[in-house]
Amino acid sequence: MTDHALLLVNLGSPASTSVADVRSYLNQFLMDPYVIDLPWPVRRLLVSLILIKRPEQSAHAYASIWWADGSPLVVLGRRLQRAMTAQWTHGPVELAMRYGEPSIESTLVRLAAQGHKKVTLAPLYPQFADSTVTTVVEEAKRVVREKKLDVQFSILQPFYDQPEYLDALVASAAPYLQQDYDHLLLSFHGLPERHLTKIDPTGHHCFKSDNCCQNASPEVLATCYRAQCLRTASEFARLLGLPDGKWSVSFQSRLGRAKWIEPYTEARLDELAKSGVKKVLVMCPAFVADCIETLEEIGDRGKEQFREAGGEELVLVPCLNDDPQWAKALNALCERAPLAL
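Predicted model only: the values in this text are computed from it and were never measured.

1. A few points about the overall build of the protein chain
Looking only at helices and strands, the protein chain features 13 helices and 8 strands. For the protein chain, the C-alpha radius of gyration of 20 Å lies close to 20 Å, the compact-globule estimate for 341 residues. By principal-axis analysis of the C-alpha atoms, the protein chain measures approximately 60 × 50 × 45 Å. Residues classed as buried in the protein chain amount to 55% of the 341 residues present. The long-range share in the protein chain, meaning contacts at least 24 apart out of those at least 6 apart in sequence, stands at 76%. Within the structure as shown, the protein chain displays about 15400 Å² of accessible surface, and the carbon and sulfur contribution to it stands at 52%. Where the 36 positive side-chain charges of the protein chain centre and where its 41 negative ones centre are 4 Å apart.

Pasting the structure below:
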């Protein structure tokens with residue numbers, strides 16, 4: 001019997017598009033101290049204020065992209081799970097979400113009850129951030145500790161520059177890049193700048209110069225989300241032979257008034273349209289599966305914004321989703337995931 005399970009973990013989704021389910025999901029998500037890194041009383045007050053109007057707005061957005069068989073993120077996660085089952089030969093492949101269902105806790109408890117003592121934990125985020133990778137790892141550790149599970153982890157590391165991931169990204173985008181287009185925008189999820197500066201291991205590198213990410217040492221690069229995003233983008237462009245000026249990078253999904261990583265995707269779309277770009281392709285390489293941030297934020301609102309600014313066509317390039325080459329690449333990455341100390 002093989003007893004080494006693979007646990008794929010993504011962000012999560014509301015159970016439905018009802019306002020109540022969206023409010024419950026947003027409360028769990030935003031109250032995570034790795035997401036909103038403020039003291040609990042301040043975070044509770046802020047989230048309570050957000051939950052007055054945001055659930056109804058978000059419920060409408062989810063409803064606009066919801067599929068017949070459920071949340072796109074969860075449906076695509078299940079498809080990837082099935083694709084990975086054909087790749088991973090050591091045991092079962094499970095899917096969990098950091099927020100919502102299926103939860104990390106229920107999945108790990110079930111795996112332990114079935115006798116699986118080894119689990120490769122795979123946070124499905126190419127680039128490192130506390131609000132994605134760290135919170136998944138810490139939640140898994142919490143479950144093992146509090147439930148007293150006899151489980152040992154290997155943990156998939158951020159794979160932003162790994163050849164298997166980059167090759168899969170290039171292959172999945174190739175059919176779209178063979179079309180006529182004016183510009184390719186690589187839109188990554190944004191983060192507040194303080195999320196980067198507070199984990200800068202040197203304490204004096206992040207945002208201290210205009211080209212800080214290009215000059216990041218290996219020590220800084222290991223935890224710098226922005227530098228990793230820029231590395232993914234530059235390697236992707238290099239592999240495709242994209243000339244300078246044909247592509248650019250931006251950051252989306254701002255929340256609140258704090259200073260976030262720039263340039264902002266909204267501003268960049270306006271700039272491109274006003275500079276004469278008529279057809280823009282948009283990829284979202286911080287996501288491995290299409291979700292509300294890609295389908296609604298870029299595919300719907302971004303498209304409308306680009307047209308209103310003078311552009312003609314915005315084409316959203318799908319994420320890796322359950323692409324066979326991506327499943328093969330992910331298996332290779334998980335095979336060499338190091339044992340957690």
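Back to the write-up after that little detour.
2. Notes on the sheet that holds strand S8 (residues 313-316)
If you walk across this open sheet you meet the 4 strands as S6-S5-S7-S8, and the pairing is parallel. Whereas interior strands pair on both sides, the edge strands pair on one side only; in this sheet they are strand S6 (247-252) and S8. Going across the sheet, the axis of each strand differs from the next one's by a mean of 25 degrees, ignoring polarity. Judged from the 6 bridges that link them, strand S5 (residues 183-189) and S6 form a sheet pairing that is parallel. Bridge pairing in S6 places Leu184 opposite Trp247.

3. What about the UniProt feature "binding site: Fe(2+)" (unreviewed entry) in the protein chain?
Per the UniProt entry, the sites bearing "binding site: Fe(2+)" (unreviewed entry) are His189 and Glu293 in this numbering. Spanning 105 residues, the named residues nonetheless gather at one spot, since no C-alpha pair among them exceeds 8.3 Å. Here His189 shows up in strand S5. Apart from residues no more than four positions distant in its own chain, His189 is found in contact with Tyr225, Phe251, Gln252, Ser253, Trp260, Ala286, Phe287 and Glu293. Relative to the assigned elements, Glu293 resides in helix H11 (residues 292-295).

4. A closer look at helix H2 (residues 40-65)
The end-to-end C-alpha separation of H2 is 33 Å, well short of the 38 Å expected for 26 residues at 1.5 Å each. Leu51 marks the point of greatest bend in H2, at about 45 degrees, and the proline Pro55 comes within the next four residues. Every buried residue of H2 is listed here: Arg43, Val47, Ile50, Leu51, Pro55, Ser58, Ala59, Ala61, Tyr62 and Ile65.

5. As for the pairing of strand S4 (residues 152-155)
Bridge count between strand S3 (residues 118-123) and S4: 4 bridges; the pairing is parallel. By the bridge assignment for S4, Thr120 is matched with Ser154. Following the chain from S3 across helix H5 (residues 130-146) to the adjacent parallel S4, one finds a crossover that is right-handed.

6. A look at the packing of aromatic side chains
By the definition in use, this model includes 7 aromatic pairs. Ring geometry for Phe159 versus Tyr165: centroids 5.2 Å apart, planes at 75 degrees, classification edge-to-face. By the burial criterion, Phe159 is buried, and Tyr165 matches it. Between the aromatic rings of Tyr165 and Trp326, the centroid separation amounts to 6.3 Å while the plane-to-plane angle is 70 degrees, which identifies the pairing as edge-to-face. Highlighted residues: Tyr165 in helix H6 (residues 163-177) and Trp326 in helix H13 (residues 324-335), separated in sequence by 161 residues. The two residues Tyr165 and Trp326 agree in class, both being buried. In this structure, Lys246 packs its charged tip against the face of Tyr181, placed 4.5 Å from the ring centre. Between the NZ or CZ atom of Arg254 and the centre of the ring of Tyr264, over which it lies, the distance is 3.7 Å.

7. Describing a nonpolar patch on the surface
On the surface, Leu45, Leu49 and Ile52 cluster together into a nonpolar patch covering about 330 Å² of accessible area. Note that Leu45 resides in helix H2. Residue classification places Leu45 among the exposed residues on the basis of a relative accessible area of 55%.

8. A look at the side chain of Asp290
Looking at the secondary structure, you find Asp290 in the loop between strand S7 (279-283) and H11. Here Thr294 takes part through its side chain, which lies 2.8 Å from a polar atom of the side chain of Asp290. From its side chain, Asp290 meets the backbone nitrogen of Cys319 in a polar contact 3.2 Å long. If we skip the residues at most four places from it in the chain, Asp290 touches Pro72, Leu73, Leu76, Leu295, Pro318, Cys319 and Asn321.

Parameters at a glance
Residues numbered from 1 in each chain as written. Predicted model: local features only at pLDDT ≥ 70, side-chain atom pairs only at ≥ 80, totals over all residues. Heavy atoms only, no water. Helix = DSSP H or I, 4+ residues; strand = E, 2+ residues; numbered from the N terminus. Rg over C-alpha atoms; globule rule 2.2 N^0.38 Å. Buried < 20%, exposed > 50% of the residue type's maximum accessible area, 1.4 Å probe, protein only. Contact = heavy atoms within 4.5 Å. Areas by Shrake-Rupley, 256 points an atom, 1.4 Å probe, with all protein chains shown as cover. Lys, Arg positive; Asp, Glu negative; His and termini not counted. Charge placed at Lys NZ, Arg CZ, Asp CG, Glu CD. Pairing = 2+ DSSP bridges. Axes fitted to C-alpha atoms, helices over the stretch in contact; angles between N-to-C directions. UniProt positions renumbered as here; feature names shortened; annotations may be inferred. Expected span 1.5 Å × (residues − 1). Bend = angle between axes of the 7 residues up to and from the residue. Right-handed = clockwise from strand over helix to strand, strands pointing away. Phe/Tyr/Trp six-rings, centres within 6.5 Å; stacked < 30°, edge-to-face > 60°. Lys NZ or Arg CZ within 6 Å of the ring centre and 35° of its normal. Patch = residues over 30% accessible without salt bridge, like charges linked within 9 Å, V, L, I, M, F, W, Y side chains within 5 Å. Salt bridge = Lys/Arg side-chain N within 4 Å of Asp/Glu carboxyl O. Polar contact = N/O pair within 3.5 Å; in protein donor to acceptor, adjacent residues only side chain to side chain.

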